[in-house]
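One letter stands for each residue in the lines below.
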Amino acid sequence: MNGPASALSLSSADRMQRRLRVTGIVQGVGFRPYVWHLARELDLAGWVRNDAAGVEILLEGATDEIEAFTQRLSTEIPPLAQLRDLSWIDAPASGELSDFSIRASAAGRATAQIGPDTAVCSDCLAEMLDPANRRWRHAFINCTHCGPRYTLTRGLPYDRAQTSMAAFPLCTDCAREYRDPADRRFHAEPTACPVCGPKLSLVEPDGQVIACADPIADTLCRLRVGQIVAIKGVGGFHLACDARNAAAVRRLRQRKQREEKSFAVIAANLASLGDWVEWGEVEADLLQSPQRPICLLRKRPGADTVFPGIAPGITRLGVMLPYTPLHWLLFHEAACRPAGTAWMARPQDLVLVMTSANPNGEPLAIDNDEAVARLAGIADALLLHNRDIVVRCDDSVVRQASDPAHPPIQFIRRARGYTPQAIRLPHSGPSVLALGGYLKNTICVTRGDEAFVSQHIGGLDNPAACAMLTEVTQHLLDILQVTPEVVAHDLHPDFFSSSYAMALAAQWGVPVVAVQHHHAHIASVAAEHGVSDPILGLALDGVGLGSDGTAWGGELLHMDGDQFSRLGHLAPLPLAGGDKAAKEPWRMAAAVLHRLERGEAIASRFPAQPAAGQLHHLLQRGLNCPSSSSLGRWFDAAAGLLGVCDVMAYEGQAAMLLEGLAEQAGAIAALDEGYILHDDGQLDLLPLLARLADETDPIRGAGLFHATLVRALADWTERAARQQDVHTVALGGGCLLNAILSRGLRQRLSAHGLTVLEASQVPPNDGGLSLGQAWVAMQTIQRKGF
């Protein structure tokens, strides 16, 4: 290489200048050092710098080399970088540039993106596990190719001063690496070492520091003897215990007040779990990806014996692999501190429960003092560090899609590893802030033709969750530097998200748009698929306020932009006892018996339920029995009639148990005449439930329910498609997390020649509502012109 100055010897006709603009996830991911290396390799002069829009590059040199640079720029980018747009302007060479440098960041109104938090990379792990390296067993090791981003960033441009690492001045060695463009840690904003970086400490439940030589070794000892330890991570605290210790798991359930809902486990590698769960190529890739989500894997026989009480009664186990240096150090300690990384591929005995430290369903604890106060009654000890978490961000949860080709994964909860990646919209529009729904809340901010959906916030049924909603809103607006021009919310006026949306709109003096719940479900799918044409939507979930003021949840819609019409719905069932019916499937079974004119059998059928004796009379008189068209309630009714679940310990339990039984049943033919398609658009499943009311085999009944439901929904939708002359169907709502249902619908509808769209970048459940709300609101403002 002759260096950039050699280009000056070329004639002016062979030389040029090019100013490039790069947008996307290009800050904090080693993009500028990559540009620096590439420019020097091609003998180009100029500079590169971060600014609020992304990265700006000025090149000067041989025309052929500049063209080669431009071509290679988008194909050889660093592993965590994501290019959205690449544009440039050419000009004559100035002759004033003689070398290539990395310049200081420029300020301005942000249009750049912060990357998500990612798993520690193999290079950092090799250093951390090398006894001769100065970062030997450093629990906060990272570089430009890995580590936290979103959860420690306060604003843009993405520089150390804008992160929680600003409190840790770099030592001489780290500062040298940070300033060297040839180093992997050039401008790695979270970088540090044991000399200058954050420190670990182990404390008692009351916050008193535990004197110990090594907090990691002491933590492992406590886990080995059955203690519960709260561990501070990247986006919040986890509660950990030995997954093989039934007593420890039982204590964790009692203390966290989580009776039956599944826990996730963490293992060093898949080889450590090979006897207990099954996985395919897609799932293995997910678990070992930089995103490192929790992945739901099918259990093998014996899994519940080895991991007692972890995932009772369901067919899948939530599994994740280590993604932080601290996780790896716990497994390293358990493996007796071997040198090097070869041990990481071998089966390891240690498997830990790793569940969110969110007592009573509240948001994650993130602050040390907060964790001591909130977790003192749960954890026997707390493993802390002194690097602040700027914003809470829980683990993402995914499962392989029922048809991996369309797309390969399905989100159940979208958070760490994926937030705040942008979702490309069909077109640009005014900036929207959408505040989501009541359960599984997320928010969405749009900027131009990009939508940024927040991490999972959760149910807004407690003050702490409502406070988190306001925190996440402010943080996302800050890092995107967006001033909303419209605010969107759910049609239900009593949700905190709705009142907060209206308050913000009034404060800012901007329009507010209320979006019907199921309209938002279908709009979310349309938005991520870039569809603006009229479509049908099959919205299937637990509940959402309908335009007529009743509870909806089994809806066949026609959607055209920001407008929708209700073509049909499931036949309504009475919610016997009001809101209690959504938690007690036996009440929905009783409602079906009432419709079948078998109400006198309710008391004898459910003798363990104290209210069973009077429910028949309440149903007869219609007292406290509002109706709902929800498919979720039909699932509950089926589970209640089959004796699968009378009272749920957590949301969706009955449907999950029913799905698990149906998987065991295998292929079962749909029930002939198991449903009625009415001329007014209603779909009535009562004939199917009448059959289940007399079924003695829950496995066979679960299989029959699913097979008949799929046929009924597909026939209903196909008829509407013919009537409306529409050929695209979007599937949305939490019921689409049922793999049997989603796979069956896709296959049958596709066989009818319909194009089927499903959620792929956000969950189909209420976690995707905010995206749909934002897309509807954007189109509403554009249509109305205000």
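Each chain has its residues counted from 1, running along the sequence as written. Local features in this predicted model are restricted to residues of pLDDT 70 or higher, and side-chain atom pairs are both shown and tallied only at a pLDDT of 80 or more, whereas totals for entire chains, interfaces and linings draw on every residue. Side-chain descriptors were evaluated using all non-hydrogen atoms of the structure, hydrogens and water having been removed beforehand.

Its location among the elements puts Gln609 in the loop between α15 (602-605) and α16 (612-621). A relative accessible area of 14% places Gln609 in the buried class. The contact criterion used throughout is that any non-hydrogen atoms of two residues lie within 4.5 Å. What Gln609 contacts, discounting residues up to four positions off in sequence, is Trp586, Asp646 and Val647. Where helices and strands are cited, they refer to DSSP runs of H or I of at least four residues and of E of at least two residues respectively, numbered from the N terminus. Residue burial is assigned from relative accessible area. The probe radius is 1.4 Å, only protein chains are included, and a residue is buried under 20% of its type maximum, exposed over 50%, and partly exposed in between.

So, on to the packing of helix α13 (residues 517-528) against helix α22 (residues 769-784). Angle between the axes and distance between the axes: these two values describe a pair of packed helices. For helices, the fitted line uses only the C-alpha atoms of the stretch in contact; every axis is such a line through C-alpha atoms, and the angle between N-to-C directions lies from 0 to 180 degrees. Between α13 and α22, the shortest axis-to-axis distance is 7 Å and the interhelical angle comes to 85°. Relative to α22, α13 is oriented roughly perpendicular. Of the residues in α22, those in contact with His517, His519, Ala520, His521, Ala523, Ser524, Ala527 and Glu528 of α13 are Leu769, Leu771, Gly772, Gln773, Trp775 and Val776. Split into classes, the residues belonging to the contact of α13 with α22 amount to 7 nonpolar, 6 polar and 1 charged. An angle below 35 degrees is treated as roughly parallel, one above 145 as roughly antiparallel, one from 65 to 115 as roughly perpendicular, and anything else as oblique. Gly falls in the polar group here, along with every residue not listed as nonpolar (Ala, Val, Leu, Ile, Met, Phe, Trp, Tyr, Cys, Pro) or charged (Asp, Glu, Lys, Arg).

Before going further, it helps to examine helix α12 (residues 496-508). Taking 1.5 Å of rise per residue, the 13 residues of α12 would be expected to cover 18 Å, and the 18 Å separating its terminal C-alpha atoms lies within 8% of that figure. Taken residue by residue, α12 has Ser497, Ser498, Tyr500, Ala501, Leu504 and Ala505 as its buried positions. Taken around the axis of α12, the buried residues stretch over an arc of 165°, which confines them to a single face. What points out from α12, more than 90 degrees from its buried face, is the exposed set Ala506 and Gln507. Next to the buried residues of α12 lie β18 (432-434), α11 (463-480), β20 (486-490) and β21 (512-515). Looking one or two residues past α12, Gly509 carries a phi angle of roughly 70°, positive in sign. To estimate how far a helix should extend, the number of its residues minus one is multiplied by 1.5 Å. Think of it as the arc spanned by the lines of direction from the helix axis to the C-beta atoms.

Our next topic: the layout of surface pockets. Considering only enclosed or pocket space, the second largest pocket measures out at about 380 Å³ in volume. Surrounding the second largest pocket, 21 residues form its lining, Val120, Leu125, Gln288, Arg292 and Trp328 being those nearest its centre. Along the lines of polarity and charge, the residues of the lining of the second largest pocket split into 13 nonpolar, 7 polar and 1 charged. The distinction between a cavity and a pocket rests on a 1 Å grid over the protein atoms alone: a 1.4 Å probe fits inside a cavity but cannot get out, while a pocket stays open yet meets protein on both sides within 12 Å along at least five of seven lines, and a residue with an atom within 4 Å of a point counts as lining. Grid points are joined across faces, edges and corners, and a volume is the space filled by probe spheres set on the points.

All right, on to unusual backbone geometry then. With omega at 10°, the peptide bond leading from Thr419 into Pro420 counts as cis. Relative to the assigned elements, Pro420 resides in the loop between β16 (409-413) and β17 (422-429). The backbone phi angle of Glu673 is positive, close to 55°, even though this residue is not glycine. Take Glu673: it is sitting in the loop between α18 (653-665) and β27 (676-677).

This part covers the pairing of strand β22 (residues 535-545). In terms of residue burial, β22 counts as a mostly covered element, since 8 of its 11 residues are buried. Summarising the sheet, β22 and strand β23 (residues 551-560) pair through 8 bridges and their orientation is antiparallel. Note that in β23 the partner of Ala539 across the bridge is Glu555. The hairpin turn running from β22 into β23, its antiparallel successor, is 5 residues long, and Gly549 in that turn takes a positive phi close to 85°. By the convention used here, strands pair only if DSSP detects at least 2 bridges between them.

What follows is about the packing of helix α17 (residues 631-641) against α18. For the pair α17 and α18, the least separation of the axes is 9 Å and the interaxial angle reads 65°. Regarding α17 and α18, the two cross each other, and that crossing is left-handed. In this structure, α17 contributes Phe635, Asp636, Ala638 and Ala639 to the contact, and α18 contributes Ala654, Ala655 and Leu658. In terms of residue class, the contact of α17 with α18 is made up of 6 nonpolar, no polar and 1 charged. The sense of a crossing depends on the near helix, which, turned anticlockwise from the far helix by less than a right angle, makes the crossing left-handed and, turned clockwise, makes it right-handed.

This brings us to the packing of aromatic side chains. Aromatic ring pairs: the centre-centre distance and the angle between the two ring planes describe each pair. Any two rings among Phe, Tyr and Trp, with Trp reduced to its six-membered ring, count as a pair given centres within 6.5 Å; such a pair is stacked if its planes are under 30 degrees apart, edge-to-face if over 60, and tilted if neither. In total, this model carries 7 aromatic pairs according to the counting rule given. Between Phe496 and Tyr500 the ring centres are 5.7 Å apart and the planes differ by 10°, which places this aromatic pair in the stacked class. Highlighted residues: Phe496 and Tyr500, both in helix α12, separated by 4 residues, approximately one helical turn. Here Trp586 and Phe606 contribute two aromatic rings whose centre-to-centre distance is 5.7 Å and whose plane-to-plane angle is 50°, an arrangement assigned as tilted. Here Trp586, found in helix α14 (residues 585-595), pairs with Phe606, found in the loop between α15 and α16; they are 20 residues apart in sequence, far enough to count as distant. In this analysis the charged atom, NZ for Lys or CZ for Arg, is taken to sit over a ring once it is within 6 Å of the ring centre and within 35 degrees of the ring normal. Cation over ring: Arg253 sits above Phe263, and NZ or CZ is 4.3 Å from the ring centre.

A low pLDDT score tells you not to read the predicted coordinates there in detail. By definition, pLDDT measures how confident the predictor is in each residue, and it falls between 0 and 100. Of all residues in the protein, 97% attain a pLDDT of 70 or more, and the chain-wide mean is 94. Note on residues 1-10: pLDDT is under 50 here. Beyond four places in sequence and across chains, it has 22 contacts.

By the burial criterion, the buried members of helix α2 (residues 63-73) are Ile66, Phe69, Thr70 and Leu73. All buried residues of α2 fall inside an arc of 95° around its axis, so they share one side. Of the exposed residues in α2, the ones pointing more than 90 degrees away from its buried face are Asp64 and Gln71. Close packing links the buried residues of α2 with β1 (15-25), α1 (31-41), β3 (54-62) and β4 (82-91).

Using the criterion set out here, one finds 7 cavities of 30 Å³ or more in the structure. Contributing to the lining of the largest cavity are 23 residues, with Ala139, Val234, Thr324, Pro325 and Arg387 lying nearest its centre. Secondary-structure elements contributing two or more residues to the lining of the largest cavity are β7 (229-232) and α9 (325-334). Per-element accounting of the lining of the largest cavity gives the leading share, 3 residues, to α9. Of the residues in the lining of the largest cavity, the class split is 11 nonpolar, 8 polar and 4 charged.

Moving on to the pattern of salt bridges. Here a salt bridge means any side-chain nitrogen of Lys or Arg lying within 4 Å of a carboxyl oxygen belonging to Asp or Glu. Considering all chains together, one arrives at 49 salt bridges under this definition. The residue Asp562 makes a salt bridge to Arg783 at a minimum N-O spacing of 2.8 Å. Of this pair, Asp562 sits in the loop between β23 and β24 (563-570) while Arg783 sits in helix α22; the two residues are 221 residues apart in sequence, bridging distant segments of the chain. Using a relative accessible area of 11% as the deciding quantity, one classes Asp562 as buried.

To summarise the sheet geometry, strands pair through backbone hydrogen bonds and adopt either a parallel or an antiparallel arrangement. Ordered by their spatial adjacency, 5 strands build an open sheet running β4-β1-β3-β2-β5, and the pairing between neighbours is mixed. Each edge of the open sheet is held by one strand with a lone partner, namely β4 and β5 (100-102). This sheet shows a mean twist of 15° between the axes of neighbouring strands, independent of strand direction. Strands in contact with α1 are β1, β2 (45-51), β3, β4 and β5; relative to β5, the strand with the most contacts, it is inclined by about 175°. In this fold α2 packs onto β1, β3 and β4, with an angle of close to 150° to the strand it touches most, β3.

Spatial strand order, β17-β19-β18-β20-β21: 5 strands in an open sheet with mixed pairing. Two strands close off the open sheet at either side, each with one partner strand: β17 and β21. Looking at each pair of strands side by side, their axes are set apart by 30° on average, direction ignored. Its contacts with the sheet place α11 against β18 and β19 (444-453), and it is angled at close to 150° to β19. In the packing of α13 onto the sheet, contacts are made with β17, β20 and β21, and the angle to β17 comes to roughly 95°.

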